[in-house]
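Chain and residue survey
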Amino acid sequence: MKPVIIVHGGAGTIAQEYAEQYRSGVKRAALKGYDILKQGGDAVTAVEEAVVVLEDNPLYNAGHGSVLNEEGDVEMDAIIMNGKDLSAGAVSAVRCIANPIKLARLVMEKTDHVHLTCKGASLFAKSQGIPEIPVEELITERSRERWKKNLKLASKPKGTGTVGAVAVDSQGNVACATSTGGISNKMVGRVGDTPCIGSGGYADNNVGAVSTTGNGERIMKVTLAKLILHYMEQGMSVEEASDAGLNYMKTRVDGTAGVIVVNGAGEWTAKFSTNQMSWAAVKDDNLACGIYLGENEIVPVSETLQINAM
Ligand code: ASP
């Protein structure tokens, strides 16, 4: 089986001044995951490491760079799922750690549970030796400015910059990972779709893997990731199933989102009903990337040394 990885850096509206940075960030993450897969690494490790690259990048709304809640604090959500045995790990409303996706993986592999939240998640992080960091380390100038501006707005703005990855490894196993700071100026304790199994992501070797981004409250209402896999089980292609899922979400709950999807055969797609979504994918040693509708820039991986060095 030829390995494949697809990553996203969030659906929404991406200001043109940031477009190039969003592109190079997702490319770097996809290349990192692909490198792991090419060396025989498993899909779970590839999606985790790709997401870590994006959590560490202050541009995206996950880990470092997360948006702030109404109190100006950071509360992050993440999920990871292994399509081989349907094992999954999620954390929600976690604070003061650099990489929520790593904690989600530990929940999956070291506990009998699927989802830990808030204080319990932080106690577990401590027990696993994950260092607590000052919240200031996660907050960027941009997220604080956005928070301040939003305080004056009557309606709650949406978040952009959630990150995610899906992959198939050389053994044919699929996995997904999604991580977010949620939506800007959210209520304290608000948990979105991202850590909810079937909403923020789902992976099943029998069908494929999905990671979602967009309006969390509405994604949850239609369990978007599982809905798309359901359409695929009924015989739709990855594109058809993604379009059908996004259409259902639009018509049923008037919501917009973005998705990355791969099936067990390595067929993949990146689709969105928002204005934009940054995404990148690597298959057959070719790196594809886009932000705008119809954009699909493809370069051989051998010509990407420059991206890796950035
Ligand atoms: N789905 C995320 C949330 O609602 C936000 C996003 O993807 O932009 O928490």
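Description of the structure in this document.

Parameters and conventions
Residues numbered from 1 in each chain as written. Predicted model: local features only at pLDDT ≥ 70, side-chain atom pairs only at ≥ 80, totals over all residues. Heavy atoms only, no water. Phe/Tyr/Trp six-rings, centres within 6.5 Å; stacked < 30°, edge-to-face > 60°. Helix = DSSP H or I, 4+ residues; strand = E, 2+ residues; numbered from the N terminus. Lys NZ or Arg CZ within 6 Å of the ring centre and 35° of its normal. Core = buried A, V, L, I, M, F, W, Y, C linked by side-chain atoms within 4.5 Å. Buried < 20%, exposed > 50% of the residue type's maximum accessible area, 1.4 Å probe, protein only. Contact = heavy atoms within 4.5 Å. Pairing = 2+ DSSP bridges. Axes fitted to C-alpha atoms, helices over the stretch in contact; angles between N-to-C directions. Near = heavy atom within 4 Å. Polar contact = N/O pair within 3.5 Å; in protein donor to acceptor, adjacent residues only side chain to side chain. Areas by Shrake-Rupley, 256 points an atom, 1.4 Å probe, with all protein chains shown as cover.

This model, assessed by the stated rule, comprises two aromatic pairs. With a centroid separation of 5.1 Å and 85 degrees between ring planes, the pair formed by Tyr 22 and Tyr 60 is classed as edge-to-face. On the criterion of sequence distance, the pair formed by Tyr 22 in helix α1 (residues 16–38) and Tyr 60 in the loop between α2 (43–55) and β2 (76–82) is long-range, its members being 38 residues apart. Positioned above the aromatic ring of Tyr 18 is the side chain of Arg 142, whose terminal nitrogen or guanidinium carbon lies 4.2 Å from the ring centre. The ring centre of Tyr 202 lies 4.9 Å from the NZ or CZ of Lys 226, which sits over that ring.

This part is about the nonpolar core. Ranked by internal contacts, the top residues of the largest apolar core, which has 58 residues, are Ile 5, Val 7, Ile 80, Val 91 and Leu 103. The dominant element in this core, judged by the number of residues it contributes, is α1, at nine residues. Residues in contact with Leu 103, not counting those within four places in the same chain, are Val 91, Val 94, Ile 97, Ala 121, Phe 124, Ala 125 and Ile 130. Val 174, Cys 176, Ala 241 and Trp 279 belong to the second largest nonpolar core, which has 40 residues in total.

This part is about the sheet that holds strand β7 (residues 201–204). Picture the strands of a sheet paired through backbone hydrogen bonds; they go either parallel or antiparallel. In space, the four strands of this open sheet follow the order β7-β8-β9-β10, with antiparallel pairing throughout. Only two strands of the sheet have a single partner each, and these edge strands are β7 and β10 (268–272). Within the sheet, the average angular offset between the axes of one strand and its neighbour, ignoring direction, is 10 degrees.

The subject of this paragraph is the site of the ligand. In the vicinity of the ligand there are nine residues, among which Thr 162, Arg 190, Asp 193, Thr 213 and Gly 214 approach most closely. Between the ligand and the protein, one listed contact pairs a nitrogen atom with a side-chain N or O atom of Asp 193 at 2.7 Å. Separating an oxygen atom of the ligand from a backbone N or O atom of Gly 216 is a distance of 3.2 Å. In the complex, 100% of the free accessible area of the ligand, which totals 270 Å², lies under the protein chains.

Turning our attention to the pairing of strand β6 (residues 174–180). Across the seven residues of β6, seven count as buried, placing the element largely inside the fold. Alternating positions in β6 separate into two faces, Val 174, Cys 176, Thr 178 and Thr 180 on one and Ala 175, Ala 177 and Ser 179 on the other, with burial throughout. Summarising the sheet, β2 and β6 pair through six bridges and their orientation is antiparallel. Residue pairing in the sheet places Ile 80 in a bridge with Ala 177 of β6. The hairpin formed by strand β5 (residues 163–168) and β6 contains five residues between the paired strands, and Gly 172 there has a positive phi angle of roughly 90 degrees.

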